[in-house]
Amino acid sequence: ERVQNKLKGYVYKDCTLTDPYAQSVQSFAKRDFANALERINQCLAKKPKDPYYLELKGDIYFAQGAIDDALSMFEQAQTILPSAHYIALKYVCCLIEKRQLEKARAFLHRFVLEHKDSPHAWYLLGKTYHMLNMPSNGGVCRREEARWVGNTKQRERLRKQTIQPETQVCQQRLRDL
C-alpha cells in the first residue's frame, strides 16, 4: 500500500491524499524540508494515525536535527504498526542520538531476541554497548552483525578479540556462535 501510494502520487496529478504524500517524499529527497513538512501535514490532517505518514514526518524531523520531534513521530508510528521493524529501528536511532542508552539497550535486547537475523539491529546494539563502555558486549554484537551480512573475515577477527561479555543476552549469543 505504501509503495502504491507513492507511485500513484507521482503518476496522477489530482488532489487525492496520495498526491501530497508523494510530493512530500519528493521534497524530502530534494532536502526541501519546509515543503515536505507542509505536504505531510496535509496528509496527517486527513489521516492522523497513518504510521507511514508519521514515519515520513519523523524522517523529516530527524534530517533537520529535531530529534525530540522525530522520536515522538517514530514512537507513535511504532505504536500503531509494531510489526514495522524499520520504524522500530529508526525509533532506536533517535534514542541513541538523545543518549537514552539504557532505554535503547533494553529495547534492542527485546528486538534481537525476536529478530536475530537483523544486522542493523545488531549494529545498533553494538554501538549502544560501546557508548555504554561495554566493549565485550559490543564485540559480540559486531560479530552477529558480520554473521548476518556474510562478512566471515570480520566475524573471525572479532571472534579472536571477544572476551567474556557483561550481560546475559550477549553471553547466550556467544554460546550460540
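Structure: see above.
Since we're looking at a predicted model, the values are computed, not measured. (Residues numbered from 1 in each chain as written. Predicted model: local features only at pLDDT ≥ 70, side-chain atom pairs only at ≥ 80, totals over all residues. Heavy atoms only, no water.)

S.K.: Any chance you could explain the overall build of the protein chain here in plain terms?
M.R.: Of regular secondary structure, the protein chain possesses 11 helices and 0 strands. For the protein chain, buried positions account for 44% of its 177 residues. Here the contacts in the protein chain between residues at least 6 apart in sequence split such that 45% fall between residues at least 24 apart. As displayed, the protein chain has an accessible area near 9600 Å², and 51% of this comes from carbon and sulfur atoms. (Helix = DSSP H or I, 4+ residues; strand = E, 2+ residues; numbered from the N terminus. Buried < 20%, exposed > 50% of the residue type's maximum accessible area, 1.4 Å probe, protein only. Contact = heavy atoms within 4.5 Å. Areas by Shrake-Rupley, 256 points an atom, 1.4 Å probe, with all protein chains shown as cover.)

S.K.: Help me understand the packing of aromatic side chains, please; the structure alone is not making it clear to me.
M.R.: The way to describe two aromatic rings as a pair is by their centre distance and the angle between their planes. Evaluated as defined, the whole model comprises 3 aromatic pairs. Taking 5.1 Å as the distance between ring centres and 45° as the angle between the ring planes, the aromatic pair formed by Tyr-21 and Tyr-53 counts as tilted. Of the two residues, Tyr-21 sits in helix α2 (residues 18-29) while Tyr-53 sits in helix α4 (residues 51-64), which places them 32 residues apart along the sequence. (Phe/Tyr/Trp six-rings, centres within 6.5 Å; stacked < 30°, edge-to-face > 60°.)

S.K.: Quick question: what am I supposed to make of the packing of helix α6 (residues 85-97) against helix α7 (residues 101-114) here?
M.R.: Each pair of packed helices can be summarised by the angle the axes make with each other and by the distance between the axes. Between α6 and α7, whose axes approach to 8 Å, the crossing angle comes to 155°. In terms of their interaxial angle, α6 and α7 are classed as roughly antiparallel. In terms of crossing hand, the pair formed by α6 and α7 is left-handed. Contacts from His-85, Ala-88, Leu-89, Tyr-91, Val-92, Leu-95 and Ile-96 in α6 reach Leu-101, Lys-103, Ala-104, Phe-107, Leu-108 and Phe-111 in α7. Class assignment for the residues of the contact of α6 with α7 results in 11 nonpolar, 1 polar and 1 charged. (Axes fitted to C-alpha atoms, helices over the stretch in contact; angles between N-to-C directions. Parallel < 35°, antiparallel > 145°, perpendicular 65-115°, else oblique. Left-handed = near helix turned anticlockwise from the far one by under 90°. Nonpolar A, V, L, I, M, F, W, Y, C, P; charged D, E, K, R; others polar.)

S.K.: Honestly, the environment of Glu-144 in this entry has me stumped. Any pointers?
M.R.: With respect to the helices, strands and loops of the structure, Glu-144 is situated in helix α9 (residues 135-149). Residues Glu-144 and Arg-155, spaced 11 residues apart in sequence, show a C-alpha to C-alpha distance of 7.7 Å.

S.K.: Would you mind going over the packing of α6 against helix α8 (residues 119-131) with me for this structure?
M.R.: In contact at an axis separation of 11 Å, α6 and α8 are set at 15° when each is read in the N-to-C sense. As the angle between them shows, α6 and α8 are arranged roughly parallel. The two elements α6 and α8 meet at a crossing, and its hand is left-handed. In contact with Leu-89, Val-92, Cys-93 and Ile-96 of α6, α8 contributes His-120, Ala-121, Leu-124, Lys-127, Thr-128 and Met-131. In terms of residue class, the contact of α6 with α8 is built from 7 nonpolar, 2 polar and 1 charged.

Such coordinate-based values are descriptive only and should not be taken to indicate function.
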